[in-house]
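Listed here are the chains, written in short residue letters.
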Amino acid sequence: MSPRPRTTGLAVPILALALYAGARPIGPAPALGPFLDPANGVWAVAASAELPRSAAARIPGLGAPVRVVYDDRAVPHIFAASELDVARALGYVVARDRLFQMELQTLAASGRLTEIAGARALPLDREMRELGLPRVAERKLAALDPNSDGMRAARAFAEGVNAWIDGMAPRDLPLEYRLLGRRPVRWEPVNSLHLLNRMGWTLAYSDDERVRLRAQARVGRDAADALFPVVSRIQEPIQPNGQRGPRWDTRPLPPPGAPDTAAILADRQAPIPPDVLGSNNWAVAPARTAAGRALLAGDPHLELTLPSIWYETHLVVPGQLDVYGVTVPGAPFIVIGFNRDVAWTFTNTQSDVVDYYVETVDDPVSPTTYSLDGEWRPLERRVETYRGEGGEVVAVDTVRYTHRGPLRRAGRAGQGAQWLSVRWTLYDPMNESDAFVGAERARTVAEWMRAMEPYSVPAQNMLVADRTGTIAIRSTGHFPIRPGDGRGDVLRDGSTRASDWTGFWPVAEYPQAVNPAQGFLASANQQPVDPAVNPRYIGSNWYPPWRAMRINALLRADYAVTPDAMRRYQTDPGSARADAFAPAFLEAARRHGAATSGANGGAANGGSTDGSMLARAAALLAEWDQRYTKDNERAVLFEYAMGELGSRLWDELRAPAGGRGDDGPEPRPADAITAVLLADSASVWWDDRRTPAVERRDDILAASLVAALERATREHGAPTSGGWRWDRIRHANIYHLLRLPALSALRVPVQGGPSTLAPSSGSGGFGASWRMVVELGPEVRAWGTYPGGQSGNAASSRYTDRLATWAAGELDSLRVPRRAEDLRGGQVRSTLTLSPGR
């Protein structure tokens, strides 16, 4: 998994919510006396912060007693007589630790954040409702078979959650509810669907069409197609292509063309999504491991929050189920994990599953019908009411729908606005829960892959290994079949059904591999299949394969892989991106420096590059080993040089002054396109049109390096001052869900940088949300951790107890007892007995 970073995501850190300012409670402030009451007020959270040595409770509907044993890492091992009882107990224990998080995620997914934040949250809620996510959840719930495994598990899970809510003592009320003056609401099975839809939005929704259109508006279609290509210029695919290294396409880029005025109108004011960061997974066949057993590793990179977006647990039903891993709080199943025979994990496929159609409507301001095949059809209208903290109406919107999906206006009313309908795989009937429940029971790779065939969204690179030594990968999700050239990164004509999707790929045609000759498999969000093997459109503007190149290089070089090597690879500080660009900067400095030695004018646009500064910058960069270790003092110079390079190189993509309303942000091609351009030193793209000179590659590289030295010195002091240390500049910032600094873990030093296997986002809000390594031998062994802790109570020792391990790149040994009695003495922190009845 990997997201396109947003202000909110799967776990909802609520950056833009502004729920909290300083130390004041938001919403109706409770009376000071009750608020500070040591028994029931805000201080009472400390009284329930720790797990009791033993406890008991009842759950209505439970078929038989359930025993829950919390181990020394606070992982609940749930032993039950049936799978439905396991789901009930899971709902209870997750609510016990993460109740506020569960409700907040549901409010975000259903577009109801105004209920706790008022009008400040209206833009976030409007996005969810304008995309139809609440409507989708309601329709799916109505369409699903109520007797399916997934729906039965969702209802049982809700029974467990509500049993905890009904039995809560006043001291058990989480701090966030006290600060907001709010009480928990009962959990409904539809909430699990809301969470799955939210996951689809975080991992699958994209505006790639609009990114490309903005580029097209400035440099023409041919150039835009080259800068944001359907086919990655560097191929290191998920499905092995038989090569022993990456394949580079270094054909020259076409020059900038005339602006496309139609694209300007279509894309005015369109948002530009930031780069994704990425997730990694890989598996190694027994022939290449030291112990002769299959190994699997996974680290999905998502938003880092406190509490974590994951909850770790172990579910056991003798003879039926024995599965360990992490779940999303609110889901009634393990998402990533393993059983005694099979282990699995995911990365995001980055496939194109969202299309936009330009619709012809009767009224550009307030349409009621749209034209389809020469007939006017009525738009379905859904009134969306947003309520505030006291139930008052904050706003009322009308969302319109065509037969494809919701209708959204692109551009300003009266200034060439267009109406676009959205077609998305998320809108189709699905039952992801059934797929996950079936996967938990699988005993072989083949069984696991069959169980996941119905899975549709978000499309994921599913990696799996089993105890027999089989390893496999498949990009699984519904991939649309489109008419014509099949491309989905262009706006389509909505006036005809001939533009509609005609179906989905059959599973047999998905990118996939089983037991490849190379003896390993890896994915890191790169293009799934080499177009030389299969040119069929599945997406565009792929994330650069730097991480894939690095992990494949590590795996190719190791014929005796160990679990500890798998762990070390997860935070490996090497970078294929740095390997591609650092030598180019140094070579440019060498060549350019000889020609401009002693010139003045600095590195400003239009001036010649200072020879002495260039020599100094190159000497400093040459000291770097191209590894993003915490203590290195030169990575900052390289990163600043890369930023300067992009600004100088892609000046053609900047909005021109008075550019006919095209005043949006600058689309920036991926570093992989820049890397390809390094082979063409005289390309017209190298010329910075803002200067009177005509620059070539070495001019731009040299000027960027000098500017980087000036910036690094200005911001961090002299190169020898100690201020350039990487761990003083790049950190992980793991915020509390309400962005409360006192309850957050800020400026956590981590190893890694852009496009390393543990990528650093700079501000630190994204990273490895869960790291896991599994060895599938006669007895399964596993290691894992995530940044945070099991408890959502900031007063608990379980709130951040795993953070130090995660930051150090270490993993904990995971306990996987077959019976409750297998955990003894110091391995047991707490026990919980759940019984039927009220």
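Coordinates for the structure precede this section.
Read on for a plain summary of the structure. Just so it is clear, the structure is predicted and the values come from calculations on it, not from any experiment.

1. Description of the overall build of the chain
No. 1: Of the regular secondary structure elements, the chain holds 21 helices and 34 strands.
No. 2: Taking all 838 residues of the chain together, 64% fall into the buried category.
No. 3: Relative to all contacts within the chain whose residues are 6 or more apart in sequence, the contacts with residues 24 or more apart total 73%.
No. 4: Put simply, the chain shows about 28,900 Å² of open surface, and 51% of that area lies on carbon and sulfur atoms.

2. Looking at the pattern of salt bridges
No. 1: One pass over the full model with this rule turns up 59 salt bridges.
No. 2: One salt bridge connects Arg-567 with Asp-564, and the closest N-O pair in it is separated by 2.8 Å. Linking Arg-567 with Asp-564, this pair stays in helix 15 (residues 563-570), spanning three residues, or about one helical turn.
No. 3: Note on Arg-567: relative accessible area 14%, which makes it buried.
No. 4: Here Asp-671 and Arg-577 are joined by a salt bridge, their closest N and O atoms 2.8 Å apart. Note that Asp-671 is positioned in helix 19 (residues 671-677) and Arg-577 in helix 16 (residues 576-596), a separation of 94 residues in sequence.
No. 5: When its relative accessible area of 24% is taken as the criterion, Asp-671 is described as partly exposed.

3. A few points about the nonpolar core
No. 1: Membership of the largest hydrophobic core comes to 117 residues, with the highest contact counts inside it found for Val-93, Phe-338, Trp-448 and Leu-834.
No. 2: Examining the composition of this core, we find that 13 residues originate from one element, helix 2 (residues 83-109), more than from any other.
No. 3: Met-549, Leu-620, Trp-685 and Ala-712 belong to the second largest nonpolar core, which has 56 residues in total.

4. With respect to the packing of helix 6 (residues 149-167) against helix 12 (residues 432-441)
No. 1: At a minimum axis distance of 7 Å, the contact between helix 6 and helix 12 shows a crossing angle of 95°. Considering the angle they form, helix 6 stands roughly perpendicular to helix 12. Contacts between helix 6 and helix 12 involve Asp-149, Gly-150 and Met-151 from the first element and Ser-433, Asp-434, Val-437 and Arg-441 from the second.
No. 2: Considered class by class, the residues forming the contact of helix 6 with helix 12 number two nonpolar, two polar and three charged.

5. Thoughts on the environment of Val-773
No. 1: Along the chain, Val-773 turns up in strand 31 (residues 771-776).
No. 2: On the basis of relative accessible area, Val-773 is assigned to the buried category, the value being 0%.
No. 3: Sequence separation between Val-773 and Asp-299 is 474 residues; the distance between their C-alpha atoms is 9.0 Å.
No. 4: Residues contacting Val-773, with those up to four places away along its chain left out, are Leu-296, Ala-297, Pro-563, Met-566, Arg-567, Gln-570, Arg-781, Ala-782, Trp-783 and Leu-811.

About the thresholds
Residues numbered from 1 in each chain as written. Predicted model: local features only at pLDDT ≥ 70, side-chain atom pairs only at ≥ 80, totals over all residues. Heavy atoms only, no water. Helix = DSSP H or I, 4+ residues; strand = E, 2+ residues; numbered from the N terminus. Buried < 20%, exposed > 50% of the residue type's maximum accessible area, 1.4 Å probe, protein only. Contact = heavy atoms within 4.5 Å. Areas by Shrake-Rupley, 256 points an atom, 1.4 Å probe, with all protein chains shown as cover. Salt bridge = Lys/Arg side-chain N within 4 Å of Asp/Glu carboxyl O. Core = buried A, V, L, I, M, F, W, Y, C linked by side-chain atoms within 4.5 Å. Axes fitted to C-alpha atoms, helices over the stretch in contact; angles between N-to-C directions. Parallel < 35°, antiparallel > 145°, perpendicular 65-115°, else oblique. Nonpolar A, V, L, I, M, F, W, Y, C, P; charged D, E, K, R; others polar.

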